[in-house]
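Commentary on secondary and tertiary structure
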Amino acid sequence: MAAHKPVEWVQAVITRFDEQLPIKVGHQNTHTKISTEHNKECLINISKYKFSLVISGLTTILKNVNNMRIFGEASEKNLYLSQLIILDTLEKCLAGQSKDSLRLDETMLVKQLLPEICHFIHTYREGHQHAAELRASASAVLFSLSCNNFNAVFSRISTRLQELTVCLEDNVDVHDIELMQYINVDCSKLKRLLQETVLKFKTLKKPAQLAVINSLEKAFWNWVENYPDEFTMLYQRPQADMAEAAEKLFDLVDNFAESAKRKAAVWPLQIILLILCPEITHTISKDTVEDSKANKKLFLDSLRKALAGQGGSKQLMESSAIACVKLCKASTYINWEDHSTIFLLVQSIVMDLKALLFNPAKPFWRGAGSQNADIELMMDCFVSCFRINPHNNQHFKVCLASSSPSTFHFVLVNSLHRIITNSHLDWWPKIDAVYCYSGELRFMFSETLNRVAQSTHAPLRMTPSLTFKGKVTTSLKFKEKTTELDTRSYKCLLLALVKLIHADPKLMLHNPVKQPPEMQSSTAELIIGLVHLVPLTNTTQLSQEAMEALLVLHQPDSIEQWNPDAPIETFWDISSQVLFLICRKLIGQQMVNGTEVLKWLREILICRNKFLLKNKECATMGGGIPICRQAQTKLEVCLYMFLWSPDTEAVLVAMSCFRHLCEEADIRSAADEVSVQTILPNYATFSELASISNMMGTGRSTLQKRVMALLRRIEHPTPGNIEAWEDTYAKWDQATKQILNFPKNKADDGQQEWINMTGFLCALGGVCLQQRSTPGPATYSPPMGSMNERKHSMISMGPCELSNPMASASCSSSASSETPVSRFIDRLLSLLVCGHDRVGLHVRTNVKDLLGMELSPALYPMLFNKLRNSIGKFFDTQGPVPINDTNTQFVEQTIAIMKNLLDNHTEGSSEHLGQASIETMMLNLVRYVRILGNMVHAIQIKTKLCQLVEVMMERRDDLSFCQEMKFRNKMVEYLTDWVMGTSNQAADDDIKCLTRDLDQASMEAVVSLLAGLPLQPEEGDGVELMEAKSQLFLKYFTLFMNLLNDCSEVEDEGQAVSGCKRGMSRRLASLRHCTVLAMSNLLNANVDSGLMHSIGLGYHKDLQTRATFMEVLTKILQQGTEFDTLAETVLADRFERLVELVTMMGDQGELPIAMALANVVPGSQWDELARVLVTLFDSRHLLYQLLWNMFSKEVELADSMQTLFRGNSLASKIMTFCFKVVTKLIK
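First things first, this report covers the structure right here in the doc. (Residues numbered from 1 in each chain as written. Predicted model: local features only at pLDDT ≥ 70, side-chain atom pairs only at ≥ 80, totals over all residues. Heavy atoms only, no water.)

1. Examining the packing of aromatic side chains
Heads up, the condition is: Working definition: rings of Phe, Tyr and Trp (its six-membered ring) pair if their centres are within 6.5 Å, and the pair is stacked with planes under 30 degrees apart, edge-to-face with planes over 60 apart, and tilted otherwise. Secondary structure elements follow DSSP: runs of H or I of four or more residues count as helices, runs of E of two or more count as strands, with numbering from the N terminus. Residue burial is assigned from relative accessible area. The probe radius is 1.4 Å, only protein chains are included, and a residue is buried under 20% of its type maximum, exposed over 50%, and partly exposed in between.
Across all of its chains, the model carries 31 aromatic pairs by this definition. On the basis of an interplanar angle of 65° and a centroid distance of 6.0 Å, the ring pair of Tyr640 and Phe658 is categorised as edge-to-face. Of this pair, Tyr640 sits in helix H29 (residues 626-642) while Phe658 sits in helix H30 (residues 648-672), and the two are 18 residues apart along the sequence. Classification of Tyr640 as buried rests on a relative accessible area of 0%.

So this is what it looks like as structure tokens:
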């Protein structure tokens, strides 16, 4: 497409750029910002090849946006952001314009783009919130445009000058003349401007003349600052035509300056015009000069007098100060060797100039509206004086003194910043000349920071224009009460100080004479002061600059300057404090820009690791101090808690930070030659979290699932993950109340955050159970102090839950129910039946899904016990089971959770599924569902329950059963009652489908239950037992045969029915298959009692019945049924083998099985065990061996002779039962 239709392709990109502007899409998020930046880059690249198309399109967009009508503050902000984006794109496209572009472009640029750009410059409104930024951005566009299209802009200026020469009005429009302030000017272009002005200056009206004077001065500085080499060359090789134009204009302006007011207006330009005439400057320095140059010499004399206060006018004195500062500034761009005369001129005025501008007793002040201009003038003077003579520090000390006005401090700091950042001429001195004042600058930072910190009585804003109190004489004393104006001044000063640190951290770190402890202390005070600025929410700029400064301070070279005598020990101390304080703020969610701070924190971690890698041989030196361990814990907590953020970007950034934790652990483990897991116990999981942190295209829910899966794999409890769980639980509890009490839109970020928190607590809760029971690997960085010193951990399991979950009912309630993990699960179970009108369904659905899919396997036993207890309460009351919507809803939710848990083969689930029996719960579920009736909802619940039973039997090997055979028999009895229960009675087709689904689900569950299941009647003994078993077999076998017949009849009836019944036919075929499998499993496990009832079917007159029996018989033969169980003594033989196993005796007389039973059977069942063991061993004449082994064990464990057989032990119970048996025999 790009090759064949370039115009359409470019237009499509421009359209996309337009559609994604903030004014079109509204509030920008991270994704839209990235997309907008991508569109900008794309257009900038295209403009190199299709310049006209791109500029034309952008100009049209800018025009349309400017003409849009907006209402409201949000729309105004979006309009401003859109204009900035368009202007910035235009500026970069114009800056990349090739020199040989077609000149046809120029016409288009002038006619379309230039008026739009001028609109921003001309309509500048002082004090408007965004006007200054828009004007600056538009000025940058005009500057780039004038680089290659100077003639177009010059023509506009020239035309306007021509129009103004014939204008008769006093109130004239001079906006186009002011354009020369913003254009790109080199030596030849400046010469053209001067020559054009010389031609037309006389005929201009006074306002136009003043505008030209002001604008030409700005144009001169544009030239000097952008082409300093050309200006320097002017003094090496003077240009006659430049000097001629400058001299002519000087004379014209000099004639114009008739009054003191006019002189004050033109002096700054006149000094510049003199500077452009090096030879004239040299000539007038002599005692006698020719008449044509006399006015120049007179001008310099008047300048000196006015500066010294002898001019008779305050206005002239102020103008002379401005002119002299311009002279000093220009002289710094000239090499001393090229022209010494100008330096002599500077030397003659510099002392008076500094005395005027830097007088603490009488600060230089031109009025309320000129504060910014005054400060700029003082800064130019300060920087120029430094560049002329860096060792003349009188004004430096004046500005540095704490008794000086805050304006002086501000000038000093910003001047130093300019010296650092603008130092591109070889002869300009470097900032290291003032490193000796680092102590005073640190003190200024500390005092200013405290001033700002104390001003908490009102929210303070950073304003675009700097506002300082005029003639401030107050000193930086904390005892004085600051006004709001003072506070704004100090806040501006603090921002300037932070920018200074950012520009050159060595300036603040320089400590040549202090002792190492003092150096470390002063560095810590500086860095921690910056850290306190990061969380400030009402001064975003200050916060951002503080982060940048801290990042520069954490560069490896800067870290070594913290304390050169002990860099690594100092690093661990100070950097750990930084991490601790920032993470604590992030954990408390006290920052609106949390994601940006986290990104910055990642950069800090990268810098830390670079420094450690640079010093890897001794990387852990001094790293064992408490603050290091505390910082590691807080950092872990912070990263864990960002994993449940609703902001996908924040989650990904937190995940990527885990990589840097692992890198630090690698460096430290190599230095100390220990295992990396010793330092970071969950190193493997952290590495996996980091490895998937580049999933930018992943949806929010998919990302959370990946995160929770990895959280479930965390094996070792650490202070970090325990505290993260506790803090998250506290926030979750509050969020739950908030959602239930003040529900909002379901898609709200608050509810998404609640869902993420719930999943986080479910996934990480398992590892917290190990807090007291399993210490895990020896932790290299132990928790903060002893566990007793920390707040009582909320996460702990009672001993009964850890050792034997099934016995938890007998434990005291305080052992389990009071732990937050337990309370969390309890709260989730209560939310399963949340009845809130607006959010109830949303809450119920999410809790069900999270419990079933994301719960840590270690919490399965607790969940099973709580579900068992909750459902068991339905049957505790006397009388009928309470059937109501809430109970039914809870049962249905329980079924769904259990099915998801068993279906979801979570890593580690097999280990924990068997720690609690689910028999009682499953039986109670079936008992409850049985009495729900045959309504549609009831049938659906029964179907789901049957599916759960099938899944349960699939996981049979992972589950534990107390009485498996009895349980399975009971389940078969209950579930077979549902087969054909309502199928034939239903009149509605939909109901028939549901009941057939229930038949299918019931039979599939019965098939799994009957696999290898010997039938066990509830009553009967001996012969009666065999008869009862036979009758039970007959009952089930008959039911299955009836079901097969029913399937056959329905199939016969439905053969003539059209395709709408084909679904039912498929169901019946599947049901028939399941029924045959059930019959096969039933007969296979009960050949002894069932063959006599089923063998006759092989000779049944009905062909299909005979075929069914042959199919059943084939399946059981394939399964390998043992027909030896048909023997009459089968039951007796089975019990005989069991008795032999229990009474088995080793070579040394030991009883391994009996002693094993003695060790594992709980004390509450010792009486029954004693009766069984004595009876069995006595029947085999081995009672002596039993008593010998038991009594020997008793003696071995006894503390003293007096306690033998006196305690509650199995040996004493066996002895007691033996005495009872002997007593009966004697009687």
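2. Some points on the packing of helix H44 (residues 936-954) against helix H45 (residues 964-976)
How we decide: Axis lines are fitted through C-alpha atoms, for helices just across the contact stretch, and the angle between N-to-C directions can take any value from 0 to 180 degrees. Should an angle fall under 35 degrees it is taken as roughly parallel, and over 145 as roughly antiparallel, whereas 65 to 115 is taken as roughly perpendicular and any remaining angle as oblique. Crossings are classed by handedness, with left-handed meaning an anticlockwise turn of the near helix from the far one by less than a right angle and right-handed meaning a clockwise turn. In what follows, a contact means two residues having at least one pair of non-hydrogen atoms within 4.5 Å.
H45 packs onto H44 with a crossing angle of 155° between their chain directions and a minimal axis gap of 12 Å. Here H44 lies roughly antiparallel to H45, going by the angle between them. Relative to H45, H44 is oriented so that their crossing is left-handed. Counted together, Cys946, Val949, Met952 and Met953 of H44 and Phe967, Arg968, Met971 and Leu975 of H45 form the full contact between these two elements.

3. With respect to the side chain of Asn887
Counting through the fold element by element, Asn887 comes out in helix H41 (residues 885-903). Not counting residues within four places of it along the chain, the set of residues in contact with Asn887 comprises Phe874, Pro882 and Tyr928.

4. Overview of the pattern of salt bridges
Under the convention used in this document: The rule for a salt bridge is simple: a side-chain nitrogen of Lys or Arg has to be within 4 Å of a carboxyl oxygen of Asp or Glu.
Within this structure, the stated rule accounts for 42 salt bridges. Across the pair Lys24 and Asp18 runs a salt bridge whose closest N-O atoms are separated by 2.9 Å. Salt-bridge contacts for Asp380 lead to Arg418; the nearest nitrogen and oxygen are separated by 2.8 Å. One end of the pair, Asp380, is in helix H18 (residues 371-388); the other, Arg418, is in helix H20 (residues 406-421), with 38 residues separating them in the sequence. A relative accessible area of 7% means that Asp380 is categorised as buried. With relative accessibility at 21%, the residue Arg418 sits in the partly exposed group. Taken together, the salt bridges that share partners define one network made up of Glu225, Lys329, Glu376, Asp380 and Arg418.

5. Quick word on the side chain of Arg387
As a reminder of what qualifies: Positive charges come from Lys and Arg alone, negative charges from Asp and Glu alone, with His and the N- and C-terminal ends not counted. Counted as a polar contact is a pair of N or O atoms within 3.5 Å, where, for protein atoms, one must be capable of donating a hydrogen and the other of accepting one, and residues adjacent in sequence contribute only when both atoms are in side chains.
Here Arg387 shows up in helix H18. Here Arg387 is buried and forms no salt bridge, its nearest opposite-charge partner Asp380 lying at an N-O distance of 7.5 Å. A distance of 2.6 Å separates a polar side-chain atom of Arg387 from the backbone oxygen of Asn422. Every residue in contact with Arg387, bar those within four places of it in the chain, is listed here: Thr332, Arg418, Ile419, Asn422, Trp428 and Pro429.

6. Observations regarding unusual backbone geometry
In this structure, Glu673 is a non-glycine residue whose phi angle is positive, near 55°. Within the secondary structure layout, Glu673 lies in the loop between H30 and helix H31 (676-679). Taking relative accessible area as the criterion, Glu673 reaches 73% and is therefore assigned exposed. For His1181, which is not glycine, the phi torsion reads 60° and is therefore positive. Within the secondary structure layout, His1181 lies in the loop between helix H53 (1166-1179) and helix H54 (1183-1197).

7. Observations concerning a nonpolar patch on the surface
Basically, it comes down to this: To count toward a patch, a residue needs a relative accessible area over 30% and no salt bridge; like charges are then connected within 9 Å, while nonpolar side chains (Val, Leu, Ile, Met, Phe, Trp, Tyr) are connected within 5 Å. Only the protein chains shown count as cover for residues, with accessible areas throughout obtained via the Shrake-Rupley method and a probe of 1.4 Å.
Residues Phe1135, Leu1138, Leu1141 and Met1144 make up a contiguous nonpolar surface patch of roughly 410 Å² in combined accessible area. Along the chain, the position of Met1144 falls in the loop between helix H51 (1130-1142) and helix H52 (1152-1160). Overall, Met1144 belongs to the partly exposed group, its relative accessible area being 39%.

8. Some thoughts on the environment of Leu194
Note on placement: Leu194 falls in helix H9 (residues 187-200). A residue is classified by how much of its surface remains accessible, and Leu194, at 2% relative accessible area, is buried. Here the alpha-carbon distance between Leu194 and Val212, two residues 18 residues apart in the chain, equals 10.0 Å. Other than its neighbours up to four places away in sequence, Leu194 contacts Leu216, Met242, Ala245, Leu249, Leu273 and Leu276.

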